[in-house]
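Observations on the model geometry
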Amino acid sequence: MTKFDIELLVLLPILLPLAFAIVMLFAWNNLQFQRVMNLVAGSVGFIVSIVLFSTIYVNGIQVVAIGGWKIPYGIVLVADNFSAIMVLMSGLMGFAVAFYSIVTVNKKNEQHFYYPLLQILLMGVNGAFLTGDMFNLYVWFEVMLISSFVLLALGGKQEQLEGAVKYVTLNLISSMIFLSAVGILYGLTGTLNMADLAVKVQLVENQGLVTVVAMMFLVSFGIKSAVFPLFSWLPASYHTPPVAVSALFAGLLTKVGVYTMYRVFTLIFDINNEFIGTVILIIAGFTMLTGVLGAAAQNDFRRILSFHIVSQVGYMVMALGLMTAFSFAAGIFYIVYHIITKTNLFFISGIVEKIKGTYNLDTLGGLFKKYPSVSLLFLISAFTLSGIPPFAGFWAKFTVALAGFCIEQYLIVGLSLFVGLLTLYSMTKIWNYAFWQDEKQESEMEREFYKIPIQRKYLLYSPSIFMTVVILLLSLFAGSAFDFAVLTGEQLANPQYYINAVLGGK
Amino acid sequence: MKSIILQTATRYLLPILLLFSFFLLFRGHNSPGGGFVGGLVAAAAYALYSIAFGVEEAKKLLRIEPVYLIATGLMFALISGMIAFFSFDTFMTGKWSDFNFPLFGKLGSPLLFDLGVYVVVIGITLKILFTISEEVKP
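Residues numbered from 1 in each chain as written. Chains lettered and ligands numbered in written order. Predicted model: local features only at pLDDT ≥ 70, side-chain atom pairs only at ≥ 80, totals over all residues. Heavy atoms only, no water.

Brief notes about the overall build of chain A
Scanning chain A for helices and strands turns up 22 helices and two strands. Computed over C-alpha atoms, the radius of gyration of chain A comes to 22 Å, within 12% of the 23 Å expected from 2.2 N^0.38 for 506 residues, which places it in the range of a compact globule. When the 506 residues of chain A are sorted by exposure, 62% land in the buried category. Partitioning the intrachain contacts of chain A with sequence separation of at least 6 by distance along the chain shows that 81% fall at a separation of at least 24. In chain A, 26 side chains carry a positive charge and 24 a negative one; their mean positions are 8 Å apart. (Helix = DSSP H or I, 4+ residues; strand = E, 2+ residues; numbered from the N terminus. Rg over C-alpha atoms; globule rule 2.2 N^0.38 Å. Buried < 20%, exposed > 50% of the residue type's maximum accessible area, 1.4 Å probe, protein only. Contact = heavy atoms within 4.5 Å. Lys, Arg positive; Asp, Glu negative; His and termini not counted. Charge placed at Lys NZ, Arg CZ, Asp CG, Glu CD.)

Overview of the pattern of salt bridges
Residues and elements named next belong to chain A. All chains considered together, the criterion is met by eight salt bridges over all chains. Residue glutamate 7 pairs with lysine 3 through a salt bridge whose shortest N-O separation is 2.8 Å. Here lysine 3 and glutamate 7 lie together in helix H1 (residues 3–26), a separation of four residues that amounts to about one turn. By relative accessible area, lysine 3 is classed as exposed at 57%. With a shortest N-O distance of 4.0 Å, lysine 369 and aspartate 438 are connected by a salt bridge. One end of the pair, lysine 369, is in helix H15 (residues 367–370); the other, aspartate 438, is in the loop between helix H18 (410–436) and helix H19 (444–451), with 69 residues separating them in the sequence. The residues lysine 369 and aspartate 438 share a single accessibility class, namely exposed. (Salt bridge = Lys/Arg side-chain N within 4 Å of Asp/Glu carboxyl O.)

Section: the interface of chain B and chain A
Contacts between the two partners involve 17 residues from chain B, matched on the other side by 18 residues from chain A. Counting the surface lost from both chain B and chain A, the interface buries some 1,600 Å², and carbon and sulfur atoms represent 82% of this. Linking chain B with chain A are zero salt bridges, by the criterion used here. At the junction of chain B and chain A, the tally comes to three residue pairs in polar contact (both at pLDDT 80 or more). The residue makeup of the side of chain B that touches chain A, split by class, is twelve nonpolar, three polar and two charged. (Buried area = accessible area lost by both parts, 1.4 Å probe. Polar contact = N/O pair within 3.5 Å; in protein donor to acceptor, adjacent residues only side chain to side chain. Nonpolar A, V, L, I, M, F, W, Y, C, P; charged D, E, K, R; others polar.)

Remarks on the pairing of strand E2 (residues 76–79) of chain A
Residue and element names in this part refer to chain A. Across the two faces of E2 the burial is the same, with Val76 and Val78 and Leu77 and Ala79 all buried. The sheet contact formed by strand E1 (residues 62–65) and E2 spans four bridges and is antiparallel. Across the sheet, residue alanine 65 finds its bridge partner in E2, namely valine 76. (Pairing = 2+ DSSP bridges.)

Regarding the confidence of the model for chain A
Chain-level pLDDT for chain A is 90 on average; 99% of the residues reach the 70-or-more range. The least confident element of chain A, judged by mean pLDDT, is H19(A) at 75; the most confident is helix H5 (residues 114–130) of chain A at 95. (pLDDT = per-residue confidence, 0-100.)

Points about the packing of aromatic side chains
The geometry of an aromatic ring pair is captured by two quantities: the separation of the ring centres and the angle between the planes. Residues and elements named next belong to chain A. Evaluation of the coordinates by the stated rule reveals 52 aromatic pairs over all chains. Measuring from ring centre to ring centre gives 4.9 Å for phenylalanine 394 and tryptophan 395, while their planes differ by 70 degrees; the resulting arrangement is edge-to-face. Both rings, one in phenylalanine 405 and one in tyrosine 410, keep their centres 5.7 Å apart while their planes meet at 50 degrees; by these two values the pair is tilted. Overall, phenylalanine 405 belongs to the partly exposed group, its relative accessible area being 39%. The structure contains a cluster of three or more aromatic residues connected by ring pairs, namely Phe135, Tyr138, Phe141, Phe178, Phe217, Phe221, Phe265 and Phe269. Residue placement shows lysine 397 over the ring face of tyrosine 315; its charged tip is 5.2 Å from the ring centre. (Phe/Tyr/Trp six-rings, centres within 6.5 Å; stacked < 30°, edge-to-face > 60°. Lys NZ or Arg CZ within 6 Å of the ring centre and 35° of its normal.)

Printed below as a string of structure tokens:
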């Protein structure tokens, strides 16, 4: 591959969704065409992300200077291992959600530009993963947020708007803090290029101010990734939109916040700064605990899952707070497994809703008897999420705990194991109420479900089956996946690789 | 609300405002102005027209659905970035014509980008305007 090909490959995850969105906008009143384009876009995006991933794996970190400007001055896109993994995840997500949307999103929402917005959202997410420029990151965040605002409120039901208001307010505050932090950082160092920042932040005399900026970033990304005590927007909003949107948000959006946290706190700010590490660990502990306790109190399928996202983000942030190469690797593996599993659980909740017409655990029941295959899909994901061996979730939790033991952080490790137990409790709760207990009465909706043609049912199940297969593959090849995570962790722990790739070895 | 004074004034103001928006668009490369401001001024001209003559008339004047404007503008912007691919340069590298056009000077891909922004801004603003005024109708 020539340099031009590789540059094009790094750009494609951003350009393709935009191009598809434009095509869909031109055909804004032809829904059938949009659905087909959406499937094409999902598939092509997935293939591109796989090719990008393998290229980065073979050729190492790739840098693209947009517009041909000299490097610290223009915007750069940087694809290192971590970016490549995340883009792969977003490709996977886009692929599965594209298929899932066909059956679950109703016509009214489709008419309100659902598909173009989905593509723009993916563009924003991919942009955030690939950019190597602080201000550009802010822009991608906005692209992502604006489209997610609309997707969240699509349908305009009362509870949706209530959730969306909280989501919009907190996320706008977060963007404001982020922008101020970027401004101060620019004032201190005179650069916005992340690699250049990594070098120049060390040279700033006023290190106190640098810590302040670091905390501002922590608050800002903390809101976006829903950590304690700023997570309230997530459980308020994630259970309200169309379920395909929920699944995409649950899998991908909060993880963008976590990704930027990893990026900023490993690259720009000193990872040996004990203060930052301790703060992150404390936040992580509270996040894990409050998330899982919140889930235990809920009675709605999707709300339980939403609270679990909070709890799980705690683990990822904990792995960051431990600040060793091994813990980063564990955290990355955790992010990957979490994205896949959580999305699949939301997919299944959507299937259950399609069958029974409700997400309320009190009125659900009897699914195991009638739909053993759906129950099996749920069981695998639930086991994975709560960390039962031999599923991927076990290896993820095990390695995070191991990373903690290695540097003798027993308190947080103990807490994380305890939270794992509670996770199992609330998964059992869903299982008991929705699947195991006897059916109370056959709902109107269920008789409707019998009438759905068999092809459409398969179309409804297939994304979930696909994700389950991915989970099983990840569980089976956990060793090789973790080897790659270790490589990535090394790259994060030694920012010199990244800096040299961008600025050239000096 | 129909006011003859406003309607007559709008008939004269509309072309002037549109011309002014083009002026802003073209001078934007090196001086204050550009696609965004130009687009806003052009959209404001249509907004004025819709206040004077009603939304239906404004839609008739525009002829096409604003969504097409949004799509077209985004397409211009995307193409302007991809022009550089023909000479195997990175995305968004500026490409300029070799000879001077009368009045404009050298034309290049950044102008196409600005034109895209101009069209998107008109499209979005009018889409919002039309949607809101539809809601107001009893």
